[in-house]
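Structure assessment
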Amino acid sequence: MVQPTEPEFEQAYSELLLTLEDSTLFDKKPHLKAVLPVVSIPERTIMFRVVWQDDKGQMQVNRGYRVQFNSALGPYKGGLRFHPSVNLSILKFLGYEQIFKNALTGLSIGGGKGGADFDPKGKSDGEIRRFCEAFMRELSRHIDQDTDVPAGDIGVGGREIGFLFGAFRRYRNSFQGVLTGKGLTWGGSLIRPEATGYGLVYYVEKMLEYASLGTFAGKIVAVSGSGNVAQYAALKAIELGATVVSLSDSKGAYVAKGAAGFSAEEISLIADVKLNRLDLYSLDDKFKAKFDYYAGARPWTLIKKIDIALPSATQNEVSAADAEALIRAGCKIIAEGSNMGSTMEAIEIFEKARTSTSDSSIWYAPGKAANCGGVAVSGLEMAQNSQRISWSTQEVDQKLKEIMINCFENCLNTSITYSSIKDEKLPSLVKGANIAGFIKVAEAMLDQGDFY
Ligand code: NDP
């Protein structure tokens, strides 16, 4: 199951295992225990070389991957990541999380993940297009609308999806909904770009309501990252009356000097900078009067007062020390936009503080629940593609909201049902998400005879 060289996958596997074992699940449903070793090995892993030509005419080579992890609930579904850090351990952890996340959306989608160790930064549009075409030359043999439907992730946005989709259409002579996150005029869904960030905020709204903490209005929100998820989470939080006091990228973090946070206009400047693959710091002339810049830092230890933290950059971006700092800053809710945003040690600290009766209590929502809005709207894009229709912004947004509310209630009620501790004020959402996702997938695998 877990190979010695797969630390990220081991972390995701251990987190799931610990929470399942620390519940009454296997007492109440002992037949599901046998599923765990089976669900933890991908149905198929595809690894391939990607040879492409740079602007100087030189041949370059990268490693491409697609982990087709589980199809018991529907076609494999999960993003493609283009980042130099990509390796099989990272893609297996992301694919594994994706199985249970997709189950939590209530839609018919299985789990997968893919990508390449290609760095889009500093590349021209021509180089990106040639890389995408070379990547799809191999991937197109293994995917189609009923088998495996990838989407974007870090380093893969609308432009890359366009190049990948065009390459698939030309190689296979087939126009089909084989990717999600497409352009609006050729099969994309309204609200897909916004979905992960908006969905994260909708999930947190339910947490605030359940914990009797009011609404986003007047709250101080710390966000990390400045890509797709961070931008739309920040915009929705601002729309709901919150003050967003931080944003960051892989080079550093901006933190508000005073009471005023980011405006929608400032986030739009950030979106332009990120589209051009530049660092946040390139905005310093415009930002330095209002924000302090901390090179090489994450925001969590830099802010004195925080109500809500939304990590939205990458895995393991909240360490144990960051977790302690968030609690000291009075943070009451942490919900991950990123996948596996917190280390195991940080989750332990949050879970311990969750039950605290003092002022230091905090409620933690894992990415596989709180960020499922992106894949949920991808599922809605697939539904629109197969019917050859488009829903309006209001329709998609309303469906996204319903999915996030159902996901929250499913996590909450499952946690209450399978917790060995009764009457917890704030039930564990990490347990609830893991157990609810696991039960759905495991029962589908048993029904379909995946054991023979
Ligand atoms: P983007 O590529 O749009 O943005 C990623 C952001 O994270 C950038 O600000 C980037 O900085 C920063 N970042 C990347 N790597 C690191 C690092 N090692 N340390 C610090 N910062 C880093 O990606 P998304 O916004 O799409 O994804 C963000 C997270 O959300 C990921 O964990 C992804 O898996 C998850 N997610 C995304 C979904 C989606 O729909 N897009 C759906 C569900 C989860 P820089 O610009 O300098 O590289």
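Rules and cut-offs
Residues numbered from 1 in each chain as written. Predicted model: local features only at pLDDT ≥ 70, side-chain atom pairs only at ≥ 80, totals over all residues. Heavy atoms only, no water. Near = heavy atom within 4 Å. Polar contact = N/O pair within 3.5 Å; in protein donor to acceptor, adjacent residues only side chain to side chain. Areas by Shrake-Rupley, 256 points an atom, 1.4 Å probe, with all protein chains shown as cover. Phe/Tyr/Trp six-rings, centres within 6.5 Å; stacked < 30°, edge-to-face > 60°. Helix = DSSP H or I, 4+ residues; strand = E, 2+ residues; numbered from the N terminus. Buried < 20%, exposed > 50% of the residue type's maximum accessible area, 1.4 Å probe, protein only. Contact = heavy atoms within 4.5 Å. Salt bridge = Lys/Arg side-chain N within 4 Å of Asp/Glu carboxyl O. Pairing = 2+ DSSP bridges. Axes fitted to C-alpha atoms, helices over the stretch in contact; angles between N-to-C directions.

Another point: the site of the ligand. Lining the immediate environment of the ligand, one finds 25 residues, of which Lys121, Asp153, Thr196, Ser250 and Asn339 sit closest. Ser226 places a polar main-chain atom, nitrogen or oxygen, 3.0 Å from an oxygen atom of the ligand. At 2.9 Å from an oxygen atom of the ligand is found a side-chain nitrogen or oxygen belonging to Lys274. Contact with the protein chains removes 83% of the 900 Å² of surface that the ligand exposes when unbound.

What follows deals with the packing of aromatic side chains. This model, assessed by the stated rule, comprises 32 aromatic pairs. Centroid distance Phe69 to Tyr96: 5.5 Å. Interplanar angle 45°. Geometry classified as tilted. On the criterion of sequence distance, the pair formed by Phe69 in strand β2 (residues 59–70) and Tyr96 in helix α4 (residues 88–104) is long-range, its members being 27 residues apart. Its relative accessible area of 0% is what places Phe69 among the buried residues. Given the relative accessible area of 1%, Tyr96 is considered buried. Ring geometry for Tyr281 and Tyr293: centres 4.5 Å apart, planes at 40°, overall tilted. Taken as a pair, Tyr281 in the loop between α9 (264–275) and α10 (284–287) and Tyr293 in strand β9 (residues 291–295) lie far apart in primary sequence, 12 residues in all. The class for Tyr281 is partly exposed, based on a relative accessible area of 44%. Connected via pairs of aromatic rings, a cluster forms that spans Phe9, Tyr13, Phe26, Phe69, Tyr96, Phe100 and Phe438.

For the rest of this paragraph, the subject is the side chain of Thr180. Tracing the backbone through its elements, the reader meets Thr180 in the loop between α6 (158–172) and α7 (195–210). Given the relative accessible area of 0%, Thr180 is considered buried. Only 2.9 Å separates the side chain of Thr180 from the side chain of Lys77, close enough to count as a polar contact. Ignoring sequence-local partners within four residues, the contact set of Thr180 consists of Lys77, Val149, Pro150, Ala151, Gly152, Ile161, Ser378, Glu381 and Met382.

The next thing to look at is helix α12 (residues 344–354). Every buried residue of α12 is listed here: Ala346, Ile347, Ile349, Phe350, Glu351, Ala353 and Arg354. Contact partners of the buried residues in α12: α1 (7–21), α11 (320–328), β11 (333–335), β12 (363–365) and α16 (429–447).

With that settled, the discussion passes to the pattern of salt bridges. Applying the stated criterion across every chain, the model contains 29 salt bridges. The residue Arg63 makes a salt bridge to Asp117 at a minimum N-O spacing of 3.6 Å. Pair noted here: Arg63 is in strand β2 and Asp117 is in the loop between β4 (111–116) and α5 (125–139), with a separation of 54 residues, a long-range link. In this structure Asp117 comes out as buried when scored by relative accessible area, which is 18%. Across the pair Asp153 and Lys113 runs a salt bridge, and its minimum N-O distance is 3.1 Å. Here Asp153 is found in the loop between β5 (148–151) and α6, whereas its partner Lys113 is found in strand β4, with 40 residues between them in sequence. Judged by relative accessible area, Lys113 falls into the buried class, the value being 2%.

Our focus in this paragraph is the sheet that holds β4. The strand order β1-β2-β4-β3-β5 describes an open sheet built from five strands, whose pairing is mixed. The two strands at the open ends of the sheet, each matched to only one other strand, are β1 (44–53) and β5. Across this sheet, the average inter-strand angle for adjacent strands is 20°, counted without regard to direction. Pairing of strand β3 (residues 76–82) with β4 involves three bridges; the strand directions are parallel. The residue of β4 that forms the bridge with Leu80 is Gly114. In the packing of α5 onto the sheet, the strands contacted are β1, β2, β3, β4 and β5, and the crossing angle to β1 comes to about 140°.

For the rest of this paragraph, the subject is the side chain of Ser319. Structurally, Ser319 can be placed in the loop between β10 (308–310) and α11. A residue is classified by how much of its surface remains accessible, and Ser319, at 19% relative accessible area, is buried. Dropping the residues within four chain positions of it, Ser319 is found in contact with Arg298, Thr343 and Ala346.

Okay, the sheet that holds β11 next. Reading across the sheet, the seven strands line up as β9-β8-β7-β6-β10-β11-β12 and stay open at both edges, with mixed pairing between neighbours. Strand pairing shows two members of the sheet lacking a second neighbour, β9 and β12, which therefore form its edges. When strand polarity is set aside, the average angle formed by the axes of neighbouring strands in this sheet is 15°.

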